[in-house]
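Residue-level structure breakdown
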Amino acid sequence: MSSRQESRREEFLKEHWDGDRNHFQLSYGLRFGDDDMEEGNAILDGLIKVDHDSRSEQARSATASSTASGQQQQQQHGAGGAWPLMMKYSGIRIRTAGLT
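Residues numbered from 1 in each chain as written. Predicted model: local features only at pLDDT ≥ 70, side-chain atom pairs only at ≥ 80, totals over all residues. Heavy atoms only, no water.

**Observations regarding the pattern of salt bridges**
- On inspection of all chains with the given rule, the structure shows 6 salt bridges.
- The salt bridge partner of Arg55 is Glu15, with a shortest N-O separation of 2.4 Å. With Arg55 in helix α3 (residues 34-77) and Glu15 in helix α1 (residues 3-17), this pair connects stretches of sequence that are 40 residues apart.
- Given a relative accessible area of 42%, Arg55 falls into the partly exposed group.
- Connected via shared salt-bridge partners are Glu6, Arg9 and Asp45. (Salt bridge = Lys/Arg side-chain N within 4 Å of Asp/Glu carboxyl O. Helix = DSSP H or I, 4+ residues; strand = E, 2+ residues; numbered from the N terminus. Buried < 20%, exposed > 50% of the residue type's maximum accessible area, 1.4 Å probe, protein only.)

Shown next, in the form of structure tokens:
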């Protein structure tokens, strides 16, 4: 077992189980024998993978949502640079709207 994998397990336990391996093991009906620890590690590895996949999917959804929002704004204001433009020059804010 790699120390990196063990570190991930410890981080996951801290985040989701208050760092309590005993509580985690018991909640799955496992004790601290070699076989039960091995099974607990397999469960943890599966949970870590699901958590990672879920976070990756959320990030992809957020990126897709942001891209779609930008495309929608571009459609509303035109693709030719007709977006309202806000500039700051020497402390004076100048707003130009709809200039291409």
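**Re the layout of surface pockets**
- The volume enclosed by the largest pocket comes to roughly 200 Å³.
- Forming the walls of the largest pocket are Arg8, Glu11, Phe12, Glu15, Ile48, Asp51, His52 and Arg55.
- Contributing elements (two or more residues each) for the lining of the largest pocket: α1 and α3.
- Among the residues forming the lining of the largest pocket, the class breakdown is 2 nonpolar, 1 polar and 5 charged. (1 Å grid on protein atoms, 1.4 Å probe; cavity = no way out; pocket = protein on both sides within 12 Å on 5 of 7 lines; lining within 4 Å. Points joined across faces, edges and corners; volume = space filled by probe spheres on them. Nonpolar A, V, L, I, M, F, W, Y, C, P; charged D, E, K, R; others polar.)

**Re α1**
- Compared with the 21 Å implied by 1.5 Å per residue over 15 residues, the 20 Å span of α1 between its first and last C-alpha is a close match.
- Immediately beyond the C-terminal end of α1, within one or two residues, lies Asp18, with a positive phi of roughly 55°. (Expected span 1.5 Å × (residues − 1).)

**Brief notes about a negative patch on the surface**
- A surface patch of negative charge is lined by Asp34, Asp35, Glu38 and Glu39.
- Look at Asp35 and you get exposed, because its relative accessible area is 64%. (Patch = residues over 30% accessible without salt bridge, like charges linked within 9 Å, V, L, I, M, F, W, Y side chains within 5 Å. Areas by Shrake-Rupley, 256 points an atom, 1.4 Å probe, with all protein chains shown as cover. Lys, Arg positive; Asp, Glu negative; His and termini not counted. Charge placed at Lys NZ, Arg CZ, Asp CG, Glu CD.)

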